[in-house]
Amino acid sequence: MSALCEQGPGLAASIASGARTQRRRRKFDAFPYLLLAPAALMMLVVNLVPIVQGFRMSLLKLNQYTLSQFMDAPYIGLRNYRGVLFDTDNPVHAGMLGALRNTALYSLLVTVCSVAIGLGVALLLNRDFPGKAAARTLLMLPWVVPTYVVGTLWGFMWQRDEGIINHVLVDVLHLMDHKPFWLIGSNTFFAIVIPTVWRAWPVLMLIFLAALQAVPEELYEAARLDGANAWQRFRNITLPTLKPVIVIQVMFQIIDNVYSYNIVAMMFGKGAGYPGEWGDLLMPLLTRQSFSYWRFGEGAAVSFVMMAVMLVFVAVWMRTFRRSMTSEA
Amino acid sequence: MKRKWNQRALNVLTWAIVVLTLSPVAFMVYASLSDYNDVVTGNMLKASFTPHWSNYREMWVNVDFLAFLRNSLIICGLTTLLSTLLASLAAYALARFRFRGNHAFSVAVSTTQVIPGMLFFLPLYMLYIQIDDAGLPMMNTFHGMIFLYTAMFTPASIWIMRGFFVSIPRDLEDAAVIDGCSRLGAFVRIVLPISAPGIIATASFVFLLAWDEVFFAWVLTSSPDVQTVPVGLRLYMGQHATRYDLMMAAAVVSVIPVLITFFASQRWFIKGLAAGAVKG
């Protein structure tokens, strides 16, 4: 404790908890602000300023002609919002309803499946059996694979002719008599849901498993003695204990999946290909449309609407489940 | 007796799930070692399989993948260092001190997690162009990417670190301060060492996130001197044919750094996940 520790006892007093409250009232304490400053500065430049500018952009007529004027582009009020949400002639609006439907179904389906599989496998692993630690570690592998590799890998596996999935389904297992297209038509939806679930559930499994290990074994023993069957034990002991964890993870999953971009972007086509009516999600659509038509005002407007919707979702979710989240933590 | 058989059946089911879950990864490795002619015909699963290690030589020639790998390592490595450092300082302030703005800042930190990247992309793009014009190159540079990534991943890191600091009893720091240590000294000498597990967990989390970033890597970089692995991976898709064999080999290579990171930090990482601090 040499150089860094040679300040007098005056500073010492300020951290000793009793003196702290008294002291704070008299003197402004700069220390926490200094600690916070570098991170705050970064966030100011890269998050806050761009968001404020983004909001202003959403009120401007920003297209390929006015882009060079940037913030001096003509002000058009809420016309971007109206155009993008309701105007059927607007190019950014095109495909919006489909992408909206896909995003809603995709986030729900991915979240439900990942949480269900994660919970199921966590229950399976929460027993004693040979190779338990190995199984747990191996199951984490999909989660370590970056999402862009997931998109690339599954994009290859789903190919109609060269793809391994059709090969296994048709040539090896003879489950189908002809090879279907996975990346064209309505199958596309499953082609994006399945890899996302594949990557998402292992980490949920791990989180649930950790929570399960915190449940005292005596509870189960007592329930068993009282004659509770497996389902009753799950329903009345396991589920209530896991509820806070599930509530938080469902929220994170929904946020992640609504903003999902990498898997779709890497899976389809060379460059920013069109993933088709059933493969398109809001983020890929928004990116593609804003860049191909250089209509950034509209892009900013949609982003803002999405953010508002997600903020409302998070606020409502937290409010609804506040009780169960704090009771455990 | 019946219970024992039930348990055995569950063990078999568990291992079946493990095999099924790992099969895509196994396939990726298998495809990376397959002959190109087998890959394009889709007739890959052969009894007479011989590994084509040459794919792992050819992949560096077909695309200059080493450059992309180097770029990713530099950008993600430095981002990890900076982000963890900034986050430790900020998280310590949030976890230990009551000051005006603590709550507001905490709310701001969590709010950043709900912002679509697209929203701040264009203003940032314009900002970078303006700084470029002012004489300091930002577009297509390492420091431009590192600055952006650090800012992007710092809020989530603050959140994780805060959880760790809160769980550390403050008696030790108090004792150190009473013994004549400055508050910064107490933080550096006492708090940081005992938070090593949290720091490792946070750092590996940032590295995994940064390694996985595609969107900004795509639009803010334009030359192979700076572009990262996801951009390079796509180059195996040619105009006419995709070299899936080489692409899978490159995919395997690009998983290795994150795999090492994960397994090296697993013990602490899993604890962090379990604490609910890290989001999946």
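What you are looking at is a predicted structure, and each value in this text was computed from that prediction instead of being measured.

Section: the overall build of chain A
Step number 1: Along chain A, the regular secondary structure elements total 15 helices and zero strands.
Step number 2: Among the 329 residues that make up chain A, the fraction classed as buried is 40%.
Step number 3: The long-range share in chain A, meaning contacts at least 24 apart out of those at least 6 apart in sequence, stands at 70%.

Regarding unusual backbone geometry
Step number 1: In this structure, His 174 of chain A is a non-glycine residue whose phi angle is positive, near 55°.
Step number 2: By the secondary structure assignment, His 174 of chain A is in the loop between helix 9 (164–172) and helix 10 (187–213).
Step number 3: Although it is not a glycine, Asn 140 of chain B adopts a positive phi angle of roughly 55°.
Step number 4: The topology assignment puts Asn 140 of chain B in the loop between helix 6 (117–133) and helix 7 (142–167).
Step number 5: Classification of Asn 140 of chain B as partly exposed rests on a count of 16 C-beta atoms within 10 Å.

Overview of the interface of chain A and chain B
Step number 1: Listed as interface residues are 85 residues of chain A and, on the opposing side, 79 residues of chain B.
Step number 2: Of all the elements, helix 3 (residues 31–57) of chain A adds the most residues to the side of chain A that touches chain B, at 17 residues.
Step number 3: In the side of chain A that touches chain B, the residues fall into 66 nonpolar, 14 polar and five charged.

Quick word on helix 3 of chain A
Step number 1: Here helix 3 of chain A contains 27 residues, and its C-alpha end-to-end distance of 37 Å stays within 8% of the 39 Å for a straight helix at 1.5 Å per residue.
Step number 2: A bend of about 45° at Ala 37 of chain A is the largest found in helix 3 of chain A, and the proline Pro 38 of chain A appears one to four places after it.

Section: the confidence of the model for chain A
Step number 1: Per-residue pLDDT for chain A averages 84, and the proportion of residues at 70 or more is 89%.
Step number 2: Within chain A, the lowest mean pLDDT, 41, falls on helix 1 (residues 9–15) of chain A, and the highest, 95, falls on helix 5 (residues 96–125) of chain A.

Focus on the packing of helix 3 of chain A against helix 4 (residues 65–96) of chain B
Step number 1: Contact pair helix 3 of chain A / helix 4 of chain B: the axes reach a minimum separation of 8 Å and the direction vectors enclose 130°. Classified by the angle between their axes, helix 3 of chain A and helix 4 of chain B sit oblique to one another. The crossing of helix 3 of chain A and helix 4 of chain B is left-handed. Residue-level inspection shows Pro 32, Leu 35, Leu 36, Pro 38, Ala 39 and Met 42 of chain A of helix 3 of chain A in contact with helix 4 of chain B, the latter providing Leu 86, Ala 87, Leu 89, Ala 90, Tyr 92 and Ala 93 of chain B.
Step number 2: Partitioned by chemical class, the residues of the contact of helix 3 of chain A with helix 4 of chain B number twelve nonpolar, no polar and no charged.

Section: the environment of Ala 73 of chain A
Residue and element names in this part refer to chain A.
Step number 1: Positionally, Ala 73 belongs in the loop between helix 3 and helix 4 (79–86).
Step number 2: Judged by local crowding, Ala 73 falls into the buried class, with 20 C-beta atoms found within 10 Å.
Step number 3: For the pair Ala 73 and Leu 35, spaced 38 residues apart in sequence, the C-alpha separation works out to 39 Å.
Step number 4: Discounting residues that sit within four places of it in the chain, Ala 73 has contacts with Leu 60, Lys 61, Leu 62 and Thr 66.

Some thoughts on the nonpolar core
Step number 1: Counting 163 residues, the largest nonpolar core has Ala 39 and Phe 208 of chain A together with Ala 90 and Ala 251 of chain B as the members making the most contacts within it.
Step number 2: Looking at this core, the element that brings in the most residues is helix 10 of chain A, giving 15 residues.
Step number 3: Ignoring sequence-local partners within four residues, the contact set of Ala 90 of chain B consists of Leu 35, Leu 36 and Ala 39 of chain A together with Ile 158 of chain B.

Details of the environment of Glu 218 of chain A
Step number 1: Here Glu 218 of chain A lies in helix 11 (residues 217–225).
Step number 2: Separated by 78 residues in the primary sequence, Glu 218 of chain A and Met 140 of chain A have C-alpha atoms spaced 29 Å apart.

Brief notes about the packing of helix 3 of chain A against helix 7 of chain B
Pairs of packed helices are described in terms of their axes, by the angle between the two and the distance that separates them.
Step number 1: Where helix 3 of chain A meets helix 7 of chain B, the closest approach of the two axes is 9 Å, and the angle between their N-to-C directions is 120°. The angle between the axes of helix 3 of chain A and helix 7 of chain B places the two elements in the oblique class. The two elements helix 3 of chain A and helix 7 of chain B cross, and the hand of that crossing is left-handed. Along the contact surface, helix 3 of chain A presents Ala 39, Met 42, Met 43, Val 45, Val 46 and Asn 47 of chain A, while helix 7 of chain B presents Leu 148, Thr 150, Ala 151, Met 152, Thr 154, Pro 155 and Ile 158 of chain B.
Step number 2: Looking at side-chain class alone, the contact of helix 3 of chain A with helix 7 of chain B contains ten nonpolar, three polar and no charged residues.

Calculation rules
Residues take numbers from 1 onward in each chain, read along the sequence in its written order. As they are written, the chains are lettered A onward and the ligands numbered 1 onward, keeping that order. Given that this is a predicted model, residues contribute local features only at a pLDDT of at least 70 and side-chain atom pairs are listed and counted only at 80 or more, while totals for whole chains, interfaces and linings are drawn from all residues. By definition, any uninterrupted DSSP run of H or I lasting at least four residues is a helix, any uninterrupted run of E lasting at least two residues is a strand, and each is numbered from the N terminus. Three exposure classes are used, all based on how many other C-beta atoms lie within 10 Å of a residue's own C-beta (placed from the backbone): buried at 20 or more, exposed at 12 or fewer, and partly exposed between those limits. Placing C-beta atoms from the backbone, we regard two residues as in contact once those atoms come within 7 Å. The nonpolar class holds Ala, Val, Leu, Ile, Met, Phe, Trp, Tyr, Cys and Pro. Asp, Glu, Lys and Arg form the charged class, and all remaining residues, Gly among them, are polar. Helix span, expected: 1.5 Å multiplied by one less than the number of residues in the helix. Two axes are fitted around each residue, one to the seven residues ending there and one to the seven starting there, and the angle between them is reported as the bend at that residue. For every residue, the predictor states its confidence as a pLDDT score lying anywhere from 0 to 100. Only the stretch in contact is used when a helix axis is fitted, and all axes are lines through C-alpha atoms; the angle between N-to-C directions ranges over 0 to 180 degrees. What sets the label is the angle itself: under 35 degrees gives roughly parallel, over 145 gives roughly antiparallel, 65 to 115 gives roughly perpendicular, and the rest give oblique. In a left-handed crossing the near helix is turned counterclockwise from the far helix by less than a right angle, and in a right-handed crossing that turn is clockwise. What we call a nonpolar core is a set of buried Ala, Val, Leu, Ile, Met, Phe, Trp, Tyr and Cys residues whose membership is set by joining through C-beta atoms within 7 Å.

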